[in-house]
Structures are given as structure tokens and as C-alpha cells.
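Commentary on secondary and tertiary structure
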Amino acid sequence: MDISVIICTYNPNLKRLSQTLSSLQKQSLDTSSWELIIVDNNSSNKFRDHLDLGFFPNSRIVHEQQQGLTYARLKGFDVAKGEIVIMVDDDNVLQSDYLQKTINLFKDHPQIGSAGGKSLPEFECVPPAWLTEFYGNLALRDLGNEVIIDKWENTYPNAAPIGAGMAIRKVALQSYIDTMRSDKSIITDRTDTSLTSGGDNEINIQILKWGWTIGYFPELVLLHIIPKERMEVHYLARLLRDTNRSWVQLLEKYHINPWKNINKQTQLPRKIKAYISYKAWKNKVNFIKWQGACGIFEGRVKL
């Protein structure tokens, strides 16, 4: 098996999931060369009853009881048979040559441990003009049309792959898997009640620290479906706050954190000062950015 496509999902939107599966059905790579693994992370909406996986001869749904994207991914990694693993979100629409081009680039670049490409928006309704400020937070990315390859230089590279469509050489995953299995203070990714993140970043850090390179390859293209609720202020504010908090903790874990620890008693004054400096009352963008700053303060308290 060349590729294992892993879709981790929790109570998925059936329309978006069907778009994801439709894009996989249209892949140019022969179905005998890859498998589809759907990890049900303890869903309650019985989405399985509405799926027809007949087109995919090598497909299965597995269950992960422990809540959280990190645990669901680990389950997928455990059962994957492919030499390359591709993480696909349940709202990603892959270009029809995505799998074939992934195989090609891994053959051409034997030192690449993980790779990603362009994640372009597919909005379900007209987005507000200010949303462009937060494309990166919504896992949208276009770094241009040049290949970028990075190695470990004791800092997190800007061109590191994001989770949407991330392709990983299976052998390069082992250090990450071992770390997660033995880590007593695991920084979990998204759950049903939290928008914390860092799982994608930790995978990349582990791959880099073990001597592999990572890369951005513009020929890998997917559409990321963005529904109306993810364009709303309260969602984006919560997203930035949660992700920034976990980001600080992740950087601290790997000794590349640029921020210093702060006393818990100074947290509220810092947030008030930031509220003023960001002019958070003035508009939506300022308010969301202020919430992101609050997340950094909260992360620094927990160091």
C-alpha cells in the first residue's frame, strides 16, 4: 500500500464530508494503491449510517473512544498500512492529482519527512472583508509557487505543513508516536469542547528533530470548506485564544519559546493593558487579535 488517507472526524457535517469523499473518489491514483481510514472519534450523530464507501475497495471505519484529535490521529497511524500517510480533514476537497503528486514528490525528495501545499478557501457564504486577517488561523495557506524545504534550526519554520492535507512518510512518524504514547503532559489537539491546537506543529517538530526535512510543495492543492459559523467573531476570538495558549506551551516544551513565564497575578493587568493597546472596542479585527493576546498571556502563566 503506497498511501493511507486518514480522516479523523467527530459528528461531521454530512454534506462537507461527502464533498471530501467525492474528491477522493476522483483521484487519479489507482484505488489499489491506497487505503481510506475514517477514524470516528466517539461521534453521536450516527454519520456512519449515511456513508457509502463502496467506491473505496480498501476502506474502513475505526473507532477511537478517547476524545480529541490527537488520539484519533494516533489511532489512524496505528492501523495505517501505507508508506505515506495523508491527513485529510472532513471539510477538505483534494485536487484530483493530490495523491499521485504526493507519491512523486516523496520519491524525488527522499529526505522529506512531511509535506504540504496550498489550502485555498471554499466559502459556504460571502465572507466579511476583514476575514483575510485570519486566513492562517483557519488553516488557509498559499505561500506562492516555489518549493520551500526546511530543516531543523532550533526554531519553527514558517513553511511547515499544516494539518489539512499534510503528507507524512510513515517511518518519520515513529518518534512522534513514541513521544505521544509516553508523554504524561500531552498537549492535545482539538476536542469537542476546546479549539486548542498544536498537533500538526508537534508532528513537524519531531520529524525535524530526528533529521528529516519538511517542505511546502505548491503542486499539492486542496480546497478548505469554511462554513458561516467559522467566520463569526465569537468563534475566531475563541480560536485565537485557545490556539495561542497551546502554541506557547508547545514551544516551551521544545525549548524554542521566545516568551518568558509571567506571574498569574499579573495576567489581568496585562489583559487590560492589551485591551487598550489593541483598541479592542473599536472593531471586530482588533477584538479578535486582543483575544489572541490573552491566549498568549494564559500560556505564559502555565509555563
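Heads up: the structure comes first, above all this text.
Below you will find a few notes about this structure. Just so we're clear, the structure is a prediction, and the values are computed from it rather than from any experiment.

Turning next to the overall build of the protein chain. Summing up its helical and strand segments, the protein chain has eight helices and nine strands in all. In terms of C-alpha radius of gyration, the protein chain reaches 19 Å, essentially the compact-globule figure of 19 Å for 303 residues. The principal-axis extents of the C-alpha atoms in the protein chain amount to approximately 60 × 40 × 40 Å. Out of the 303 residues in the protein chain, the part that is buried amounts to 53%. Taking contacts inside the protein chain between residues at least 6 apart in sequence as the whole, the part at least 24 apart equals 80%. For the protein chain, the distance from the average site of its 37 positive side-chain charges to the average site of its 33 negative ones is 8 Å.

If you look at the biggest cluster of nonpolar residues, it comprises 31 residues, and the most contacted ones within it are Ile6, Phe77, Leu173, Tyr176 and Ile203. Apart from the residues within four sequence positions on either side, Leu173 is in contact with Phe77, Val85, Ile168 and Ile203. Of all hydrophobic cores here, the second largest spans 29 residues; its members include Leu17, Ile84, Tyr98 and Leu99.

Moving on: the packing of aromatic side chains. For the structure shown, the criterion picks out nine aromatic pairs. On the basis of an interplanar angle of 75 degrees and a centroid distance of 6.4 Å, the ring pair of Phe77 and Tyr176 is categorised as edge-to-face. One end of the pair, Phe77, is in helix α2 (residues 69-79); the other, Tyr176, is in helix α4 (residues 174-182), with 99 residues separating them in the sequence. The two residues Phe77 and Tyr176 agree in class, both being buried. Arranged with centres 5.4 Å apart and planes meeting at 85 degrees, the rings of Tyr156 and Trp247 form a pair that is edge-to-face. Within this pair, whereas Tyr156 is found in the loop between β7 (148-150) and β8 (167-169), its partner Trp247 is found in helix α6 (residues 233-253), the two being separated by 91 residues in sequence. Taking relative accessible area as the criterion, Tyr156 reaches 16% and is therefore assigned buried. A residue is classified by how much of its surface remains accessible, and Trp247, at 24% relative accessible area, is partly exposed. Taken together through their ring pairs, the aromatic side chains of Tyr275, Trp281, Phe287 and Trp290 make up a single cluster.

A few words now on the pairing of strand β1 (residues 3-9). For β1, the buried fraction is high: seven of the seven residues fall into the buried class. Going residue by residue along β1, you find Ile3, Val5, Ile7 and Thr9 tucked away on one face and Ser4, Ile6 and Cys8 tucked away on the opposite face as well. Two strands pair when backbone bridges link them, and β1 and strand β2 (residues 34-40) are joined in this way by seven bridges, in the parallel orientation. Each residue of the ladder has a partner; that of Ile6, found in β2, is Ile37. With helix α1 (residues 14-25) bridging β1 and the parallel β2, this β-α-β connection has right-handed handedness. Here four bridges tie β1 to strand β4 (residues 84-87), and the two strands are oriented parallel to one another. Looking at the pairing, Ile6 lines up with Met87 of β4.

What follows deals with a nonpolar patch on the surface. On the surface, a cluster of nonpolar side chains totalling about 540 Å² of accessible area is made up of Leu268, Ile272, Tyr275, Ile276 and Trp281. Mapped onto the elements, Trp281 comes out in the loop between α7 (267-277) and α8 (284-301). Overall, Trp281 belongs to the exposed group, its relative accessible area being 53%.

Within the secondary structure layout, Asn244 lies in helix α6. Setting aside chain neighbours within four positions, we find Asn244 in contact with Gly292, Ala293, Gly295 and Ile296.

Here we take up α4. Among the residues making up α4, those that are buried are Ser175, Tyr176, Ile177 and Met180. The inward-facing, buried residues of α4 abut α2, α5 (199-209) and α6.

Between α7 and α8, whose axes approach to 10 Å, the crossing angle comes to 160 degrees. One way to sum up the angle between α7 and α8 is to call them roughly antiparallel. α8 is crossed by α7, and the crossing has right-handed handedness. On the side of α7, the interface is formed by Gln267, Arg270, Lys271, Ala274 and Tyr275, while α8 contributes Trp290, Cys294, Phe297, Glu298, Arg300 and Val301.

By the secondary structure assignment, Met1 is in the segment before β1. It is 9.6 Å that separates the C-alpha atoms of Met1 and Asn58, two residues lying 57 residues apart in sequence. Not counting the four nearest positions on each side in its chain, Met1 is found in contact with Ser32, Ser33, Trp34, Glu35, Asn58, Lys81, Gly82 and Glu83.

Angle between the axes and distance between the axes are the two parameters that describe a pair of packed helices. α5 packs onto α4 with a crossing angle of 120 degrees between their chain directions and a minimal axis gap of 8 Å. The angle between the axes of α4 and α5 places the two elements in the oblique class. α5 is crossed by α4, and the crossing has right-handed handedness. For the pair formed by α4 and α5, the contact residues are Ser175, Tyr176, Thr179 and Met180 on the first element and Gly199, Glu202, Ile203 and Gln206 on the second. Tallied by class, the residues present in the contact of α4 with α5 amount to three nonpolar, four polar and one charged.

About the criteria used
Residues numbered from 1 in each chain as written. Predicted model: local features only at pLDDT ≥ 70, side-chain atom pairs only at ≥ 80, totals over all residues. Heavy atoms only, no water. Helix = DSSP H or I, 4+ residues; strand = E, 2+ residues; numbered from the N terminus. Rg over C-alpha atoms; globule rule 2.2 N^0.38 Å. Buried < 20%, exposed > 50% of the residue type's maximum accessible area, 1.4 Å probe, protein only. Contact = heavy atoms within 4.5 Å. Lys, Arg positive; Asp, Glu negative; His and termini not counted. Charge placed at Lys NZ, Arg CZ, Asp CG, Glu CD. Core = buried A, V, L, I, M, F, W, Y, C linked by side-chain atoms within 4.5 Å. Phe/Tyr/Trp six-rings, centres within 6.5 Å; stacked < 30°, edge-to-face > 60°. Pairing = 2+ DSSP bridges. Right-handed = clockwise from strand over helix to strand, strands pointing away. Patch = residues over 30% accessible without salt bridge, like charges linked within 9 Å, V, L, I, M, F, W, Y side chains within 5 Å. Areas by Shrake-Rupley, 256 points an atom, 1.4 Å probe, with all protein chains shown as cover. Salt bridge = Lys/Arg side-chain N within 4 Å of Asp/Glu carboxyl O. Axes fitted to C-alpha atoms, helices over the stretch in contact; angles between N-to-C directions. Parallel < 35°, antiparallel > 145°, perpendicular 65-115°, else oblique. Left-handed = near helix turned anticlockwise from the far one by under 90°. Nonpolar A, V, L, I, M, F, W, Y, C, P; charged D, E, K, R; others polar.

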